[in-house]
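Per-entry structural report
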Amino acid sequence: MSTDAPDSIPRSALEFLDLKSEIAVGRAPEAVDDIRGHRFEFVHGWRELSAHRPEDSVTRFVLPGALASHQQAPYSIAGLVKGEVFANLMKDLF
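The rules behind the values
Residues numbered from 1 in each chain as written. Predicted model: local features only at pLDDT ≥ 70, side-chain atom pairs only at ≥ 80, totals over all residues. Heavy atoms only, no water. Axes fitted to C-alpha atoms, helices over the stretch in contact; angles between N-to-C directions. Helix = DSSP H or I, 4+ residues; strand = E, 2+ residues; numbered from the N terminus. Parallel < 35°, antiparallel > 145°, perpendicular 65-115°, else oblique. Left-handed = near helix turned anticlockwise from the far one by under 90°. Contact = heavy atoms within 4.5 Å. Nonpolar A, V, L, I, M, F, W, Y, C, P; charged D, E, K, R; others polar. Expected span 1.5 Å × (residues − 1). Buried < 20%, exposed > 50% of the residue type's maximum accessible area, 1.4 Å probe, protein only. Arc of directions from axis to C-beta. Patch = residues over 30% accessible without salt bridge, like charges linked within 9 Å, V, L, I, M, F, W, Y side chains within 5 Å. Areas by Shrake-Rupley, 256 points an atom, 1.4 Å probe, with all protein chains shown as cover. Salt bridge = Lys/Arg side-chain N within 4 Å of Asp/Glu carboxyl O. Lys, Arg positive; Asp, Glu negative; His and termini not counted. Charge placed at Lys NZ, Arg CZ, Asp CG, Glu CD.

Some remarks on the packing of helix H1 (residues 13–26) against helix H2 (residues 29–36)
Across the interface, H1 lies against H2 with an axial gap of 8 Å and an inter-helix angle of 130°. Classified by the angle their axes make, H1 and H2 are oblique. Between H1 and H2 lies a crossing whose hand is left-handed. Listed contacts from H2 to Lys20, Ile23 and Ala24 of H1 are Ala31, Val32 and Ile35. Its residues assigned to classes, the contact of H1 with H2 shows five nonpolar, no polar and one charged.

A short note on H1
The end-to-end C-alpha distance of H1 is 20 Å, a good match for the 20 Å that 14 residues give at a rise of 1.5 Å each. Turning to H1, its buried residues number three or more, namely Phe16, Lys20, Ser21, Ile23 and Ala24. Looking straight down H1, one finds that the buried residues subtend no more than 160° of arc, so they occupy a single side. Counted as exposed and oriented over 90 degrees from the buried face of H1: Leu14 and Gly26. Buried positions along H1 lie against H2, strand E1 (39–44), strand E2 (48–52), strand E3 (58–62) and helix H3 (83–93).

Structural notes on a negative patch on the surface
A cluster of acidic residues, Glu30, Asp33, Asp34, Glu55 and Asp56, forms a negative patch on the protein surface. Here Asp56 shows up in the loop between E2 and E3.

Description of the pattern of salt bridges
One side chain can pair with another of opposite charge once the charged atoms of both are near each other. One pass over the full model with this rule turns up two salt bridges. The shortest N-O distance in the salt bridge between Arg39 and Glu41 comes to 3.6 Å. The exposure class of Arg39 is partly exposed, given its relative accessible area of 34%. For Glu41, a relative accessible area of 22% translates into the label partly exposed. Arg60 is the partner of Glu48 in a salt bridge, and the nearest nitrogen-oxygen pair spans 3.5 Å. With Glu48 in strand E2 and Arg60 in strand E3, this residue pair connects regions lying twelve residues apart in the sequence. On the basis of relative accessibility, which here comes to 13%, the residue Glu48 falls in the buried class. Residue Arg60 is classed as partly exposed on the basis of its relative accessible area of 38%.

So, in structure tokens, the structure goes:
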């Protein structure tokens, strides 16, 4: 990511999930509904988070130096968390 990018753009998967959890807990219902449309994929075998948005765009977080557009191994196994489950979990925890 460019060094002149705004600070409001998450620079890591942890920052991204933190932002989404804050939205799920205390924001307007429209913002929470947007999160409910997401899918979060946690890839096993290398550290990657893929956030699939309802409008079919994908944001991938990988280790520095890795290419987010290239698969890091011949195959991948990912755990999928639906946005609705994520939002409900965050509300239940916090």
